[in-house]
Amino acid sequence: MVLLLRGGLFLHTAGRVWLLLPAMAVGTAKSLLLLDKSARENLLRLSAKEDGDCLGGIYSVKMWGLVVMMIGLGWLLRHSGLPGEITGAVYGAIGWALLFSSRLVWQRAIHYPS
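Residues numbered from 1 in each chain as written. Predicted model: local features only at pLDDT ≥ 70, side-chain atom pairs only at ≥ 80, totals over all residues. Heavy atoms only, no water.

**Examining the overall build of the protein chain**
So, step 1. In terms of helices and strands, the protein chain carries five helices and zero strands.
So, step 2. Its helices and strands taken in sequence order, the protein chain reads α-α-α-α-α from the N to the C terminus.
So, step 3. Judged by the C-alpha coordinates and their principal axes, the protein chain covers about 50 × 25 × 20 Å.
So, step 4. The 114 residues of the protein chain split such that 25% are buried.
So, step 5. Intrachain contacts of the protein chain at a sequence separation of at least 6 include 73% that bridge at least 24 residues.
So, step 6. Split by element, the accessible area of the protein chain, about 8000 Å² in all, is 72% carbon and sulfur.
So, step 7. Considering the protein chain, the positive charge centre built from 11 side chains and the negative charge centre built from 6 side chains are found 9 Å apart. (Helix = DSSP H or I, 4+ residues; strand = E, 2+ residues; numbered from the N terminus. Buried < 20%, exposed > 50% of the residue type's maximum accessible area, 1.4 Å probe, protein only. Contact = heavy atoms within 4.5 Å. Areas by Shrake-Rupley, 256 points an atom, 1.4 Å probe, with all protein chains shown as cover. Lys, Arg positive; Asp, Glu negative; His and termini not counted. Charge placed at Lys NZ, Arg CZ, Asp CG, Glu CD.)

And the structure:
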């Protein structure tokens, strides 16, 4: 959610808020083609875990590596000197993709409350 909002702020500052719509279209495609698979794998792994396991166990080691890499790439993007509309569109697309794929977790929580 924060990435989506931050992307919107970059686009607003650049006077290009309309770019958020195509960014969200790209984010939807990313969600459906890439992130949904990871979300489903995480749900399966979490459902097999015992209560009381480490909070860090929410993701696999591979996924934690990806998270660290994405944080680093976000920092590089912010400090790259690229125009705000590019940074905002990328942030908006990624933020929307993450938010959209989170629907799988919410659906699971609603259908299988603990």
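**Focus: the pattern of salt bridges**
Side-chain pairing between opposite charges can occur once the charged atoms of the two side chains come close.
So, step 1. For the coordinates displayed, the defined rule picks out one salt bridge.
So, step 2. Note that Asp-36 and Arg-103 form a salt bridge whose closest N and O atoms lie 2.7 Å from each other. With a gap of 67 residues between them, Asp-36 in helix H2 (residues 20–48) and Arg-103 in helix H5 (residues 103–111) connect regions that are remote in the sequence. (Salt bridge = Lys/Arg side-chain N within 4 Å of Asp/Glu carboxyl O.)

**A few points about the packing of aromatic side chains**
So, step 1. Tallied over the entire structure, the rule returns two aromatic pairs.
So, step 2. Ring plane angle 75 degrees and centroid distance 5.7 Å describe the contact between Phe-10 and Tyr-91, whose orientation is recorded as edge-to-face. In this pair, Phe-10 is assigned in helix H1 (residues 2–13) and Tyr-91 in helix H4 (residues 84–101), connecting sequence segments 81 residues apart.
So, step 3. Measuring from ring centre to ring centre gives 5.6 Å for Trp-96 and Phe-100, while their planes differ by 25 degrees; the resulting arrangement is stacked. (Phe/Tyr/Trp six-rings, centres within 6.5 Å; stacked < 30°, edge-to-face > 60°.)

Fair warning: the whole summary comes from geometry, so function is off the table for now.
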